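The primary structure of each chain is shown beneath.
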Amino acid sequence: MTTAVTPATRDRPGDVARPGPGSGPGARRSLGARLAAPPDPWASLVALLFWAASLLPTLLPHGILVQGALTGTSLMIGYGIGCLARSLFRLQRRRTGWFRPSAQVTRTVRTVAVVVVVLLLTVGSWAWWRWQQSQRRLVGMSPLNGRSPVTMVLVAALVALVVLGLSRLLAAGCGRLTQVLSSRLGGMAARSIVTVACVVVVFLAFDQLVVNGVVDSTKATFAAGNSGTDPGVVQPTSPLESGGPGSLTPWDTLGRQGRNFAGEATSVAALRAFAGPGSPVMTPIRVYVGLQTAPTPGARAALALRELQRTGAFARSVLVVATATGTGWINPNASAAVEYLWSGDTAIVSMQYSYLPSWISSLTEEGAASTAGRDLVTAVSSYWSTLPPDHRPRLVLFGESLGSYGTEAGLARGTEGASVANLLDHSDGALFVGPTNDNPIWRQIVAGRAASSPVWRPVSPLGDVAVANSAAELVTSPGANRGRVVYLVHASDPVTWWDVPTLWWPPGWITGPHGPDVPSEVGWFPVVTWLQTTADLMAGFSTAPGHGHNYNNAIAGAFASLVPPPGWTASDSVRLSATVDRLNELGQNSNA
């Protein structure tokens, strides 16, 4: 028995007739009507909540385009959730006879939605602009111009329209396919098959076209960049630097960041000018092993140890084992600070485990940073520990961002106390700058902090751990911090605070006392705040030093507090920081 399909159906008197399924011109007109249909008023109210939440400040200010994309995306996520809730309500209503809003109620809701939209476009956009201006002052970023709210709203509207159009086009295609299959399989089976198929197609399209496309293009770009050499960087002429005469690590195998590191050691002339007339200075030792220098992390670590032995690094006063970031980058501020601090009586060693930016390396090369950090620290500290304590350098571990994770991951144990003890068994101390939220020891410190301390300034019960939001907070008296584990953490650093649970749970930096460079207006909203903090990651280096993920003005002071030479004073630390800051102004130290 075949059921006739009528050209139009009605839910109740007063409803607008909906075109029935068909083909040819009729189907085309139906698709056009779907694309041009006004938004559902009930779902729009939910969407407006997401819109409003997206205007609240988070860790860092957002540019106009980024904020527009965030707001437009948040709006459509809310609209999608509202449509889903509306569909479930309608389904339940047909079964139980629940409340059916009259045409008057629907018109009233639509009017309310329009009024709220107008208020958000005016009051909300103005509030967003004010919050942005205030937050930009906090983190040393340039202010927005007066046209920014209008531009942001236009970008948000464009993003929302594109997403709405694509989603309606997909829905129309799925609906048409469901109609075709229903005549053969039945309604329930057809809807189930089409739903699964649509989810799979959307996922594969996103994964292959967006995720893999971006990753593959980025890999190709950075692979080509890794083989190049930055302007002004030349091969060392000193045998104390990798790539120089007699080096076990050929210059052309070091990678771009390795050549930057090895080729830009602080000159003896610069060290003498800082130390003063008559002060003894030495040529610094810099050891680096690139991805192309040896085939495996273990082989690269073993080669790094041999290179340290060749250069006489274990006869220096300070030896720094630095785990690089994803691209192989070592912050030039850190290298220069140690060398100025000890008048060149230093050795710094690192090795490359990737040529990709840290965020891509952590996603696509799981375990690369931790394996490299573990192998390098183990190789160096194992040999160092065999030397007489009075005839070996002070061994310091250093890591910034993903580099700090690489060092921590191989040394972490079951508790904070055990982790710190193990770290100090392998070294005389450590400096971790801008740790990631995944750093295992950092997470233990935050979890075990004193109840009165906030997450962005945790006070550890262990005397060997010091956490500072700036170098000025660290003790600078000679020898006071020997053997300590020092963390530099900004309250506004998204690298430290970004995590997946923010999708559904308020993070500690929002619920607790706010940091000095985080605005009091910050708030949490499911999904939206996670999107905002994800965008914050892109702005980490756009702030002035001392905020976000920019620690350039604090690293020198932190090293001075951790391993000060004999007779070092607080005024010396100020002079050291000023010297390193001048390198930033000259463009010699750049983030990567």
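Cut-offs applied
- Residues numbered from 1 in each chain as written.
- Predicted model: local features only at pLDDT ≥ 70, side-chain atom pairs only at ≥ 80, totals over all residues.
- Heavy atoms only, no water.
- pLDDT = per-residue confidence, 0-100.
- Contact = heavy atoms within 4.5 Å.
- 1 Å grid on protein atoms, 1.4 Å probe; cavity = no way out; pocket = protein on both sides within 12 Å on 5 of 7 lines; lining within 4 Å.
- Points joined across faces, edges and corners; volume = space filled by probe spheres on them.
- Helix = DSSP H or I, 4+ residues; strand = E, 2+ residues; numbered from the N terminus.
- Nonpolar A, V, L, I, M, F, W, Y, C, P; charged D, E, K, R; others polar.
- Axes fitted to C-alpha atoms, helices over the stretch in contact; angles between N-to-C directions.
- Parallel < 35°, antiparallel > 145°, perpendicular 65-115°, else oblique.
- Left-handed = near helix turned anticlockwise from the far one by under 90°.
- Buried < 20%, exposed > 50% of the residue type's maximum accessible area, 1.4 Å probe, protein only.
- Salt bridge = Lys/Arg side-chain N within 4 Å of Asp/Glu carboxyl O.
- Pairing = 2+ DSSP bridges.
- Right-handed = clockwise from strand over helix to strand, strands pointing away.
- Core = buried A, V, L, I, M, F, W, Y, C linked by side-chain atoms within 4.5 Å.

## Remarks on the confidence of the model for the protein
Move 1: Per-residue confidence for the protein averages 85 on the pLDDT scale, and 88% of its residues sit at or above 70.
Move 2: Here residues 1-29 scores under 50 on pLDDT; set against residues more than four positions off or in separate chains, the count is 21 contacts.
Move 3: Within the model, the stretch residues 588-592 combines pLDDT values under 50 with 19 contacts to residues more than four positions away or in other chains.

## Focus: the layout of surface pockets
Move 1: Volume-wise, the second largest pocket comes out at about 1,800 Å³.
Move 2: Lining the second largest pocket are 47 residues, with W359, I360, S362, L363 and L537 sitting closest to its centre.
Move 3: Within the residue set of the lining of the second largest pocket, elements represented by two or more residues are α3 (64-96), α6 (187-226), α11 (358-364), α12 (368-384), α13 (402-409) and α18 (528-538).
Move 4: Looking at the lining of the second largest pocket, the element that brings in the most residues is α11, giving seven residues.
Move 5: Residues belonging to the lining of the second largest pocket are distributed by class as follows: 27 nonpolar, 15 polar and five charged.

## Side note on the packing of helix α14 (residues 416-425) against helix α15 (residues 440-447)
Move 1: Running from N to C, α14 and α15 cross one another at 135°; their axes reach a closest spacing of 9 Å. Considering their axes alone, α14 and α15 lie oblique with respect to each other. In this structure, α14 crosses over α15, and the sense of that crossing is left-handed. Along its contact with α14, which presents E416, S419 and L423, the element α15 presents I441, Q444 and I445.
Move 2: Residues that form the contact of α14 with α15 fall into these classes: three nonpolar, two polar and one charged.

## Let's talk about the side chain of S335
Move 1: Its location among the elements puts S335 in helix α10 (residues 332-341).
Move 2: By relative accessible area, S335 is classed as buried at 2%.
Move 3: Look past the residues within four positions of S335 in its chain and what remains in contact with it is F261, R286, I330 and I348.

## Brief notes about empty space enclosed by the protein
Move 1: Counting across every chain of the model gives one cavity of 30 Å³ or more.
Move 2: The calculated volume of the largest cavity comes to roughly 40 Å³.
Move 3: Taken together, V320, A322, I330, A334, S335, V338, I348, F398 and F559 make up the lining of the largest cavity.
Move 4: Within the residue set of the lining of the largest cavity, elements represented by two or more residues are β4 (318-323) and α10.
Move 5: By residue number, the principal contributor to the lining of the largest cavity is α10, which donates three residues.

## Some points on the pattern of salt bridges
Move 1: For the structure on display, the rule yields six salt bridges.
Move 2: A salt bridge links R256 to D230, with the shortest nitrogen-to-oxygen separation between them at 2.3 Å. Here R256 is found in helix α7 (residues 255-263), whereas its partner D230 is found in the loop between α6 and α7, with 26 residues between them in sequence.
Move 3: A relative accessible area of 26% places D230 in the partly exposed class.
Move 4: Across the pair D572 and R575 runs a salt bridge, and its minimum N-O distance is 3.8 Å. With D572 and R575 both in helix α20 (residues 570-585) and three residues apart, this pair spans about one turn of that helix.
Move 5: Since its relative accessible area comes to 38%, R575 is described here as partly exposed.

## Concerning the pairing of strand β5 (residues 346-351)
Move 1: Along β5, six of the six residues are buried, which leaves the element largely enclosed by surrounding structure.
Move 2: What you see with β5 is no split at all: T346, I348 and S350 on one side and A347, V349 and M351 on the other are buried throughout.
Move 3: The pairing of strand β3 (residues 285-289) with β5 spans five bridges and is classified as parallel. Bridging from a neighbouring strand, R286 pairs with I348 of β5.
Move 4: Taken together, the four bridges between β4 and β5 define a ladder with parallel strand orientation. Within β5, the residue paired with V320 across the bridge is I348.
Move 5: Following the backbone out of β4, through α10 and into the adjacent parallel β5, one traces a crossover that is right-handed.

## What about the sheet that holds β3?
Move 1: One open sheet accounts for seven strands, arranged β3-β5-β4-β6-β7-β9-β8; its pairing is parallel. If you trace the sheet from one side to the other, it starts and ends with β3 and β8 (465-468), each paired once. For this sheet, the mean angle separating the axes of adjacent strands, direction not counted, is 15°.
Move 2: When β8 meets strand β9 (residues 485-488), the two strands line up parallel, connected through four bridges. Across the sheet, A466 pairs through a bridge with V486, a residue of β9.
Move 3: Packing of α13 onto the sheet brings it into contact with β4, β6 (394-400), β7 (429-433) and β9, and relative to β6 it is tilted by some 130°.

## A word on the nonpolar core
Move 1: Formed by 58 residues in total, the largest nonpolar core has its most connected members in V349, V380, L423, V485 and Y487.
Move 2: Among the elements that make up this core, the one with the highest residue count is α12 (eight residues).
Move 3: With near-sequence residues (within four places) excluded, V485 lies in contact with V420, L423, L424, A430, F432, D464, V465 and A466.
Move 4: Judged by nonpolar contacts, the second largest core, of 45 residues, contains A262, L431, V433 and I555.

## Side note on the side chain of S492
Move 1: Summarising the element assignment, S492 is placed in the loop between β9 and α16 (494-497).
Move 2: Judged by relative accessible area, S492 falls into the buried class, the value being 0%.
Move 3: With sequence-adjacent residues up to four places away left out, S492 is seen in contact with L59, L60, D517, V518, H547 and G548.

## Let's talk about the environment of A47
Move 1: Along the chain, the position of A47 falls in helix α2 (residues 41-54).
Move 2: By relative accessible area, which is 3% here, A47 ends up buried.
Move 3: C-alpha of A47 to C-alpha of S74: the two residues are 27 residues apart in sequence and 7.6 Å apart in space.
Move 4: Apart from residues no more than four positions distant in its own chain, A47 is found in contact with L75, G78 and Y79.

## Describing helix α19 (residues 555-562)
Move 1: Across the eight residues that make up α19, a large majority, eight, are buried.
Move 2: All buried positions along α19 are accounted for by I555, A556, G557, A558, F559, A560, S561 and L562.

## Considerations on the packing of α2 against helix α4 (residues 103-138)
Helix-helix packing is described using two parameters, namely the angle between the two axes and the distance between the axes.
Move 1: Here α2 crosses α4 at 20°, and the two axes come no closer than 9 Å. Judged on the interaxial angle alone, α4 and α2 are roughly parallel. The chirality of how α2 crosses α4 is left-handed. Residues P41, W42, L45, L48, W51 and A52 of α2 touch α4, and the partners they reach there are V105, T106, V109, R110, A113, V116, V117, L120 and L121.
Move 2: Within the contact of α2 with α4, the residues separate by chemical class into 13 nonpolar, one polar and one charged.

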